[in-house]
Structure formats: structure tokens, C-alpha cells
Amino acid sequence: MRSIFDFAEKALECANRQELLNLTHEAWQLSEKNELHFESKNLPKPIENVRFPERPILLPPRDMPKRKFHTQEGLAAFFHAISHVEFVAIYLAWDIVYRFRDLPDEFYRDWLRVADEEAQHFSLLNAKLKTFGIDYGDLPAHSGLWDLAQFTATDFLQRLALVPRNMEAHGLDVTPPLIEKFKQLGDENAVEILTRILTDEVGHVALGSKWFKWLCEQRKLDAETTYQNVLLRYYTKKGGSLKGNFNVEMRLKAGFSKSELAWLNTQSH
Ligand SMILES: [Fe+2]
Ligand SMILES: [Fe+2]
């Protein structure tokens, strides 16, 4: 039987888009057939070993091509940007599998499913991008999406709070208005893709909530105050603040409590 951690290491270090997608689908299928094992025989290599493909080149947000909804070029920039979000999301899912060991098998199965769904999201968006005559990698992309993975590389509790329950949760807030936008533009294909992504993402954030609460229980911590403390510490250290405009309905579905949402509202600007 093959080890999930061997797959994870290859996925994170291959630096090749097609190989990453193939490894992800293959691992998910093997796991579904119970042909993967989840026992860890060695330690993960440091996060600095993770490799991304040479293209797209990664630049700070101010150097991103402008996203606009009324030009073909602006739309291409938009779909390229969200293709990149999904591409990095494949890495984020593999990385949480790879970096944190000796957890229940269910944890690894859950995040392998996330990796596979992220790979599907990426493929849907890249197909859409091709209708604008460009491929993923043809434009520069945002360099900051891996920062939180690096920041939380040795801290499982912070990883769960800051990646699925903060960064991915933010997607639940911003996607519904985008769906509305494409409805107005009459782009049904975009509406379909974004709706599919939103549905899956509620599930990903819900898994973040599930495992965050599980971990807090293991460590005899109060989940809600622990979540607040992790976020406060992070924003104090790194600057910036929570973005606000929280989608209450989606976030409740994804395992946030009403009191957590009330607290988040007091923190956003
Ligand atoms: Fe996704
Ligand atoms: Fe996701």
C-alpha cells in the first residue's frame, strides 16, 4: 500500500501543473478504494522545499493586471486571478495533509477530498480562461497566497484557524456578489462554475471548523476564545485587519457560531 505522505511530498515538490493534477486525482481515487495508508514513517521536510511551477511569475498585488468586468482583457485577468487562487488551494490542501502527522485517518481523507475538489475548480476555471485565448501562467499572479501556509507551517492550531477558517472563509463572503455580477452580465457558464465552487467551499470551511473544534477539544481549549486569540495575535503581528462584509448564511453553514460572527463584526474595518 502506498503512503499518502509520499503522494503529498511529490505533489508539493513537483513544480509541474499537470503532474500535480494527476497526483491529486490518483491519490483521491486510491484513498476511495482504501488503497492508501496514513501512517507517518518520517518527518515532513521544511515548507521551504515546496515548489511552484515557473509560470505564472508571482508579483505583489499592486503589480497585478487590472480585473474589469466590461472588457475581455479585464475578464481574462479576473479568471486568471481566481485560477491562481484555486491552484494555490490545491497546494494548501496537500500541505495540511503533509505537514501535520499522527491524526485520525478521517482527517487525511477529508483534506484529500478538498485537494481533489480544488484541482477540479482549477480545471474548470482554466477551461474558462482558455475561452479568452490565454492559459494559466500567461499573466502574473499574486505572490501572497502562500504566506499564511508559511506563517503556520509548524502550528496546526493556527493553520486551521488562519487558512480554512479565515482565508478560505473569506471566499464565502466575496463569491456570492461575483455570482450576481455574472448573472447581470448574462454569463451563465461563469455563474455555474462559481456556484459549484461556492458550494464546495462551504464544505471546505466546514471541515476547517470541524477539525479546529476537534483539536481544541483534544487540547482542552475553548474553541471560540482560542479562535479569537489566534486571529488577534496574527493581525497584531502582521498588520492589516479582517475584511468584513461577512456572509452570515454561508458562514453559519460552514460551522461558525452566531457569537463568533458577532465578534468578527466587531473586528472588521
Ligand atoms: Fe476551491
Ligand atoms: Fe477550498
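These figures come from a predicted structure and were not determined experimentally. Within each chain, residues carry numbers counting from 1 in the order of the written sequence. Written order decides the labels, with chains lettered from A and ligands numbered from 1. Local features in this predicted model are restricted to residues of pLDDT 70 or higher, and side-chain atom pairs are both shown and tallied only at a pLDDT of 80 or more, whereas totals for entire chains, interfaces and linings draw on every residue.

S.K.: Explain the overall build of the protein chain residue by residue, including any values.
M.R.: Helix and strand assignments come from DSSP, with helices taken as H or I runs of at least 4 residues and strands as E runs of at least 2, each series counted from the N terminus. Each helix and strand counted, the protein chain has 10 helices and 4 strands in total. In the protein chain, the succession of helices and strands from N to C terminus is β-α-α-β-β-α-α-β-α-α-α-α-α-α. In this setup the radius of gyration rests on C-alpha atoms only. A globule is expected at 2.2 Å times the number of residues raised to 0.38. Relative to its length of 269 residues, the protein chain is compact, with a C-alpha radius of gyration of 18 Å against a globular reference of 18 Å. Long-range pairs, those at least 24 residues apart, make up 76% of the contacts in the protein chain with a sequence separation of at least 6. Contacts here follow a simple rule: the backbone-placed C-beta atoms of the two residues must lie within 7 Å.

S.K.: Any chance you could break down the domain arrangement of the protein chain for me, citing the residues and the numbers?
M.R.: Residue ranges labeled as domains rest on an automatic or database domain assignment. Structurally, the protein chain comprises domain 1 (1–146) and domain 2 (155–269). The C-alpha centroid of domain 2 is placed 19 Å from the C-alpha centroid of domain 1. When residues of the side of domain 1 that touches domain 2 are traced back to their parent elements, those giving at least two are helix H3 (72–99) and helix H4 (105–130). The dominant element in the side of domain 1 that touches domain 2, judged by the number of residues it contributes, is H4, at 8 residues.

S.K.: Let's hear about helix H8 (residues 223–238): which residues, and what values?
M.R.: Multiplying 1.5 Å by the helix residue count minus one yields the expected span of that helix. For H8, with 16 residues, the first-to-last C-alpha span of 22 Å sits near the 22 Å given by 1.5 Å per residue. Tyr227, Val230 and Leu231 are the residues of H8 that are buried. Seen from one end, H8 has its buried residues packed into an arc of 90 degrees, which puts them on one side. Seen from the open side of H8, the exposed residues pointing more than 90 degrees away from its buried face are Thr225, Leu232, Thr236 and Lys237. For H8, the secondary structure elements touched by its buried residues are helix H6 (156–185), helix H7 (188–218) and helix H10 (258–267). Trailing H8 by a residue or two, glycine 239 shows a phi angle of about 75 degrees, which is positive. The exposure scheme places C-beta atoms from the backbone and then counts, for each residue, the other C-beta atoms within 10 Å of its own, assigning buried at 20 or more, exposed at 12 or fewer, and partly exposed in between. This arc is built from the directions going out from the helix axis to the C-beta atoms.

S.K.: Outline the nonpolar core, supporting the account with residue identities and numerical values.
M.R.: In this description, a nonpolar core means buried residues of the types Ala, Val, Leu, Ile, Met, Phe, Trp, Tyr and Cys, linked to one another by C-beta atoms lying within 7 Å. If you look at the biggest cluster of nonpolar residues, it comprises 61 residues, and the most contacted ones within it are Ile4, Ala8, Ile90, Ala93, Trp94 and Val97. If you list the elements that add at least two residues to this core, you get helix H1 (4–13), helix H2 (17–32), H3, H4, H6, H7 and H8. Among the elements that make up this core, the one with the highest residue count is H3 (18 residues). Residue assignment places this core across two domains, with domain 1 (1–146) and domain 2 (155–269) each supplying three or more. The residues touching alanine 93, leaving out its near neighbours within four places in the chain, are Trp111, Val114, Ala115 and Glu118. Ranked by size, the runner-up nonpolar core spans 7 residues in total, among them Ala169, Val205, Ala254 and Phe256.

S.K.: For unusual backbone geometry, give the residues involved together with the corresponding values.
M.R.: Omega for the bond connecting arginine 55 with proline 56 falls within 30 degrees of zero, at 0 degrees, which places this linkage in the cis form. Positionally, proline 56 belongs in the loop between strand S2 (36–37) and strand S3 (58–59). In this structure, aspartate 102 takes a positive phi of about 60 degrees despite not being glycine. For aspartate 102, the position within the fold is in the loop between H3 and H4. Although it is not a glycine, lysine 220 sits at a positive phi angle of roughly 55 degrees. Examined against the element boundaries, lysine 220 turns out to sit in the loop between H7 and H8.

S.K.: Before we move on, can you summarise the environment of tyrosine 108 with the specific residues and values?
M.R.: Along the polypeptide, tyrosine 108 turns up in helix H4. Considering only alpha carbons, one finds tyrosine 108 and alanine 8, 100 residues apart in sequence, at a separation of 11 Å. Excluding its chain neighbours within four sequence positions, the residues that come into contact with tyrosine 108 are Ile4, Phe38, Val97 and Leu103.

S.K.: Which residues make up the packing of H3 against H4, and what are the values?
M.R.: If you want to describe how two helices pack, look at the angle between their axes and the distance between the axes. Between H3 and H4, the shortest axis-to-axis distance is 8 Å and the interhelical angle comes to 160 degrees. Here H3 is positioned roughly antiparallel relative to H4, judged by the angle of their axes. Considering how the two elements wind past one another, H3 and H4 form a crossing that is left-handed. In terms of residue class, the contact of H3 with H4 is built from 19 nonpolar, 4 polar and 3 charged. What counts as an axis is a line fitted to C-alpha atoms, over the stretch in contact for a helix, and the angles between N-to-C directions run from 0 to 180 degrees. Angles below 35 degrees are treated as roughly parallel, those above 145 as roughly antiparallel, those between 65 and 115 as roughly perpendicular, and all remaining angles as oblique. Note on convention: near helix rotated counterclockwise from far helix by under a right angle means a left-handed crossing. Clockwise means right-handed. Note that Gly is not counted as nonpolar here; it falls among the polar residues with everything else outside the nonpolar set of Ala, Val, Leu, Ile, Met, Phe, Trp, Tyr, Cys and Pro and the charged set of Asp, Glu, Lys and Arg.

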